[in-house]
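Architecture and fold: a report
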Amino acid sequence: MARANVALVKYWGKAAGPGRQPSNTSLSVTLDGLLSAARVEAWREGAADRAAWVPPGPVADLRRFVELGRRRLGITYPLDVQVTSNFPVAAGLASSASAYAALTTAMAAFAPEPPSTSLLAVLARHGSGSACRSLLGGFVQWRPGDDDGAVTQIAPPEHWPLTILAALTETGPKRVPSREGMRRTATTSPFFDAWLAAGRTDLSVVREAVASRDLSLLGPAIERNALRMHATALGADPPLLYWEPATVSAMRAVWRLREAGVPAFFTIDAGPQVKVLCEPGDADRVTTALTAVPGVVRVLRSRPGDGPRILSEPPLWVPR
Ligand code: PMV
């Protein structure tokens, strides 16, 4: 089982060359309320892997991942895999991050040798880049590289018990998957280099804000970073607009809360959903304001959460 994460400093763009390295360092917080579970069994019936999402999802991707994972982890027999999440999948809520982190963790329990941290991070990244950040709890940094220090926890979940609200907007037309969105942005947006340069400054501010638990420093930096990511994506050809009318209304609702003295700050990934950070004492007021936004259908509440957990070990008859 693993949890979703939300990036406070976004990963948007892959470096040229092999290995799916990110163009920039990102920093996220793992969310305790949004979970994915992967059930993995050695499949004695068949010669090929079996893979399913519940509810249904992109199964060819999942099967490819299981095949790659078995090769990297040295698992020589087919697996039967099922992945499920407790929140809407493919809605721009990082469901693929928690799903592939859960699956990586569950498959690792079948490996004949305990895999290194870096092997797990590289593997998770093949499912979805941000999945490697869900391999750890709390506040997590991911920088380019394949070594053990590429994905690190910079603070545990209890370091800063913030509230993170996810305002789900009505699902609009299907968004462009982040893999394609990043490729298009990096290759066609004239703002891409400026995005990378600004991201370096955002990262150092966010690191300092997390270290000192300073929401008045963190909040403006995460909003800036998210808006800059969307600005560079808007500059792509053809342009990438991930927002719906309700997305913009929710952003304005957050700004109105701030004008009224409530320190709440938003961030948005490659979809129409708006995530809002605030102090736990303000969570009810912020939830009420977000729920009142036309087009917002649900508000999910989280706080910083732990890394993945093995819920039950593979049975002893499984060859290791
Ligand atoms: O993990 P991917 O490949 O789906 O990309 C994630 C991209 C963003 O969610 C927009 C940003 C991030 O760092 O999570």
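Structure first, text after, so check above.
**Re the packing of aromatic side chains**
As enumerated under the stated definition, the model contains 6 aromatic pairs in all. Plain terms: the ring middles of Y11 and W142 are 4.8 Å apart, the flat faces sit at 65° to each other, and that makes the pair edge-to-face. Taken together, the positions of Y11 in the loop between strand 1 (2-9) and strand 2 (26-42) and W142 in strand 5 (residues 139-142) put the pair 131 residues apart, joining distant regions of the chain. Taking the relative accessible area as the measure of exposure, W142 reaches 1% and is therefore buried. The structure contains a cluster of three or more aromatic residues connected by ring pairs, namely W53, F65 and Y100.

**What about the sheet that holds strand 9 (residues 274-278)?**
Judged by pairing direction, the sheet is antiparallel, and its 4 strands sit side by side in the order 8-9-7-10 without closing on themselves. A single partner strand is all that each edge strand has here, and the edge strands are strand 8 (264-267) and strand 10 (296-302). With direction set aside, neighbouring strand axes in the sheet form an average angle of 25°. Inspection of the sheet shows strand 7 (residues 163-169) paired to strand 9 by 5 bridges, in the antiparallel sense. Its bridge partner being in strand 9, A167 is matched across the sheet by V274. Seen against the sheet, helix 6 (residues 215-234) touches strand 8 and strand 9 and runs at an angle of roughly 25° to strand 8. Sheet strands touched by helix 8 (residues 283-291): strand 7, strand 8, strand 9 and strand 10. Its angle to strand 10, the strand with the most contacts, is close to 160°.

**Quick look at the pattern of salt bridges**
Scanning the model with the defined rule gives 15 salt bridges in all. For R228, the salt bridge is made with D202, and the minimal N-O distance between the two is 3.0 Å. Pair noted here: R228 is in helix 6 and D202 is in helix 5 (residues 192-211), with a separation of 26 residues, a long-range link. With a relative accessible area of 33%, R228 lands in the partly exposed category. Here K275 ties to D269 by a salt bridge, and the two come within 3.1 Å at their closest N and O atoms. Accessibility expressed as a relative area gives 15% for D269, which makes it buried. Through salt bridges with shared partners, one network takes in K10, D269 and K275.

Calculation notes
Residues numbered from 1 in each chain as written. Predicted model: local features only at pLDDT ≥ 70, side-chain atom pairs only at ≥ 80, totals over all residues. Heavy atoms only, no water. Phe/Tyr/Trp six-rings, centres within 6.5 Å; stacked < 30°, edge-to-face > 60°. Helix = DSSP H or I, 4+ residues; strand = E, 2+ residues; numbered from the N terminus. Buried < 20%, exposed > 50% of the residue type's maximum accessible area, 1.4 Å probe, protein only. Pairing = 2+ DSSP bridges. Axes fitted to C-alpha atoms, helices over the stretch in contact; angles between N-to-C directions. Contact = heavy atoms within 4.5 Å. Salt bridge = Lys/Arg side-chain N within 4 Å of Asp/Glu carboxyl O.

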